[in-house]
Amino acid sequence: MRLPKNSNVARHVCHRDNTRAQKFRFNLEGKAFSQQFSKFYEARLKKTSPRLESLATQKWGSDIPIRQVCHVVSGETCILIGTIFKEMKLQPSVLKELSDDLNLLPQPIRDNYTSEDDVLYLEDMLQRIVLVGDIVGDELVTGVNIAVKGVEREDNPGHFTVEDICFLNLSPCLPPSGTEESEVLLVCGLEFGGAKATQLSLQLLSDYVSGGLGETEDVSKICRVIIVGDSVGKEVHDKDQHYKAKYLTKNIIAGSVDAVKQLNSYIESLTQHIPVTIMPGEYDPSNYTLPQQPLHPCMFTDTTGRLETAPNPYECEIEGTHILGHSGQPTNNIMKFSKLKSSSQVLRKCLEWGHIAPTAPDTLASYPYSEDDPFVIESCPHLFFAGNQNSLEAEYFTQGDGRCLCLALPKFSETGICVKVNLKTLAWEPICFSVGPM
């Protein structure tokens, strides 16, 4: 790939507060996989219960008692705080892997696992109870912490009739304090080595960032490029080689090695002109479970000091703008186990639930935390993004003077689209480098 020549773009330099990144909870210091996942749910509930209790009291008053599930009294209106468990008949089971041994028919692969037979439960540290009544199960997933007001009717024991619900409902932050000359460029799904990677589109993107396309005044406002996962194509992972004898593969160079070399060359060209943050994605050479750890620095020959290898999910603050996002796995997983069809709607729901990845660790692979849940959103960001989605979507979450931009990014390899976001106004603009057939 041709590297752009050094440009004379007078680029705006952004102030980036590293406090969030340095203290951020997604960097794993110790890795112990011996603990049970039940501790993860307990840590999540302990962390969110005080906030839910306060919000429930504000919403319904202090006269209604807050009970544990085991202390529910039939006929008494009360408030329960706990974790949603969604029993789904179509959810993939380990029996599928054993079907050959047990002579069972394998379960079909589905895009969505919801059905009319799904049952909602609310569980706390000790017990669970079936939820019925005024609650929409199609828009909920396992792992969401909520408070519900209702009653266990004497004629329907073991079932809690919900009258109203209360989520964490994060309020949008006050407007960012940055200048209007500051922008970030977000792009995902470069997929080097993949079947859909287009060298010309990648070259146009590199030329644009460097000012090689002539739009220097427009480009000068971009102070950082954030690459949101899936920089290596899915196709480079040849699973068949894992099952071959070593002598048959000893002289074969893995496709991922060549793809990483191409990625390194591309990143090196970008960092000559602008700071770059790169996050791992589902198919990148990082750990599979969330949070994915930063791509190893040895893969990159960064001679400028402008490259930041970040975890997935990722959080930072640039010019006073709080940015939070991930490479798309949580959003894609939520849409499989609910009837939420829009990526931006899922992001909006995550802010309502106060959690980045509520389906972890049930249906989304995650590290088994026991003392804390790092995926709980402490404060609403100004920009909340998800990479590698089916289409470009954006939705503003506004309340009072606060506003949050929920942004779903499509794969660059498929659409040629990246997005600029103004750090002051949160205005966003798609830029397309798609190269169609001649």
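Residues numbered from 1 in each chain as written. Predicted model: local features only at pLDDT ≥ 70, side-chain atom pairs only at ≥ 80, totals over all residues. Heavy atoms only, no water.

Enquirer: Talk me through the overall build of the protein chain; I want residue IDs and the actual numbers.
Expert: Helices and strands together make up the secondary structure of the protein chain, namely ten helices and 18 strands. With 438 residues in all, the protein chain has 51% of them scored as buried. Contacts in the protein chain between residues far apart in sequence, at least 24 positions, make up 73% of those at least 6 positions apart. Working note: accessible area of the protein chain is about 20,500 Å², and carbon and sulfur atoms make up 49% of it. (Helix = DSSP H or I, 4+ residues; strand = E, 2+ residues; numbered from the N terminus. Buried < 20%, exposed > 50% of the residue type's maximum accessible area, 1.4 Å probe, protein only. Contact = heavy atoms within 4.5 Å. Areas by Shrake-Rupley, 256 points an atom, 1.4 Å probe, with all protein chains shown as cover.)

Enquirer: Explain the pattern of salt bridges to me, using residue names and the numbers behind them.
Expert: In this structure the tally under the stated criterion is 15 salt bridges. Lysine 47 serves as the salt-bridge partner of glutamate 378, at 3.2 Å between the closest nitrogen and oxygen. Pair noted here: glutamate 378 is in the loop between α9 (343-353) and β14 (383-389) and lysine 47 is in helix α2 (residues 38-60), with a separation of 331 residues, a long-range link. On the accessibility criterion, glutamate 378 (45% relative accessible area) is partly exposed. Notably, a salt bridge pairs lysine 420 with aspartate 218, separated by 2.7 Å at the nearest N-O pair. One end of the pair, lysine 420, is in strand β17 (residues 417-422); the other, aspartate 218, is in helix α5 (residues 216-219), with 202 residues separating them in the sequence. For lysine 420, a relative accessible area of 2% puts it in the buried group. (Salt bridge = Lys/Arg side-chain N within 4 Å of Asp/Glu carboxyl O.)

Enquirer: Can you lay out the pairing of strand β8 (residues 183-187) for me, pointing to particular residues and giving the numbers?
Expert: β8 sits mainly inside the fold: five of its five residues count as buried. Side chains Glu183, Leu185 and Val187 project from β8 onto one buried face, and the interleaved Val184 and Leu186 project onto a second face that is buried too. Both β8 and strand β9 (residues 222-228) contribute to a ladder of five bridges, which runs parallel. Each residue of the ladder has a partner; that of valine 187, found in β9, is isoleucine 227. Sheet analysis places β8 next to β17, joined by four bridges and oriented antiparallel. (Pairing = 2+ DSSP bridges.)

Enquirer: If you had to explain α2 to someone new, which residues and values would you point to?
Expert: At serine 49, α2 shows its largest kink, close to 40 degrees, and the proline proline 50 lies no more than four residues downstream. Among the residues making up α2, those that are buried are Phe40, Tyr41, Ala43, Arg44, Leu45, Thr48, Leu52, Ala56 and Trp60. Residues of α2 that are buried make contact with β3 (77-87), β4 (119-123), β6 (145-152) and β7 (159-166). Immediately downstream of α2, the backbone of glycine 61 shows phi near 90 degrees, a positive value. (Bend = angle between axes of the 7 residues up to and from the residue.)

Enquirer: Tell me about α9, and name the residues and values.
Expert: Among the eleven residues in α9, nine count as buried, and that is most of the element. Within the sequence span of α9, burial applies to Ser343, Ser344, Val346, Leu347, Lys349, Cys350, Leu351, Glu352 and Trp353. Glycine 354, located one to two residues past α9, shows a positive phi value of around 70 degrees.

Enquirer: So, the packing of aromatic side chains: which residues are in play, and what are the values?
Expert: Applying the stated criterion to the full structure yields ten aromatic pairs. Ring plane angle 45 degrees and centroid distance 6.1 Å describe the contact between phenylalanine 85 and tyrosine 121, whose orientation is recorded as tilted. You can see phenylalanine 85 sitting in strand β3 and its partner tyrosine 121 sitting in strand β4, a full 36 residues away along the chain. When the centroid spacing of 6.5 Å and the interplanar angle of 50 degrees are considered together, the rings of phenylalanine 412 and phenylalanine 433 count as tilted. Here phenylalanine 412, found in helix α10 (residues 412-415), pairs with phenylalanine 433, found in the segment after β18 (428-432); they are 21 residues apart in sequence, far enough to count as distant. An aromatic cluster of at least three residues, connected via ring pairs, comprises Phe26, Phe40, Tyr367, Tyr369 and Phe375. Its guanidinium or amino end placed over the ring of phenylalanine 40, arginine 44 lies 5.2 Å from that ring's centre, counting from NZ or CZ. (Phe/Tyr/Trp six-rings, centres within 6.5 Å; stacked < 30°, edge-to-face > 60°. Lys NZ or Arg CZ within 6 Å of the ring centre and 35° of its normal.)

Enquirer: Report on the nonpolar core, specifying residues and quantitative values.
Expert: Counting residues in hydrophobic clusters, the biggest one holds 50 residues, and the most contacted among them are Leu80, Leu131 and Trp353. In terms of residue count, the dominant contributor to this core is α9 (five residues). Those residues in contact with leucine 80 that lie beyond four places of it in its chain are Arg67, Gln68, Val69, Val72, Leu122, Ile129, Ile146, Ala147, Val148 and Phe160. Counting residues in each nonpolar core, the second largest holds 31 residues, with Ala259, Ile267, Phe300 and Ile431 among its members. (Core = buried A, V, L, I, M, F, W, Y, C linked by side-chain atoms within 4.5 Å.)

Enquirer: Mind laying out the environment of glycine 194, listing which residues take part and the relevant values?
Expert: Looking at the element boundaries, glycine 194 is found in the loop between β8 and α4 (199-210). Judged by relative accessible area, which is 14%, glycine 194 ranks as buried. Along the chain, glycine 194 and serine 413 lie 219 residues apart, while their C-alpha atoms are 8.6 Å from each other. Non-local contacts of glycine 194, meaning those with residues more than four positions away in its chain, are made with Gly233, Glu235 and Val236.

Enquirer: Run through the confidence of the model for the protein chain, naming residues and quoting values.
Expert: Taken over all residues, the pLDDT of the protein chain has a mean of 87, while the share at 70 or more is 86%. Ranking the elements of the protein chain by mean pLDDT puts helix α6 (residues 246-249) last with 46 and β6 first with 98. Below pLDDT 50 for its whole length, residues 1-5 participates in 16 contacts with residues either more than four positions away or in separate chains. Scored below 50 in pLDDT, residues 241-253 makes three contacts in the model with residues more than four places away or belonging to other chains. (pLDDT = per-residue confidence, 0-100.)

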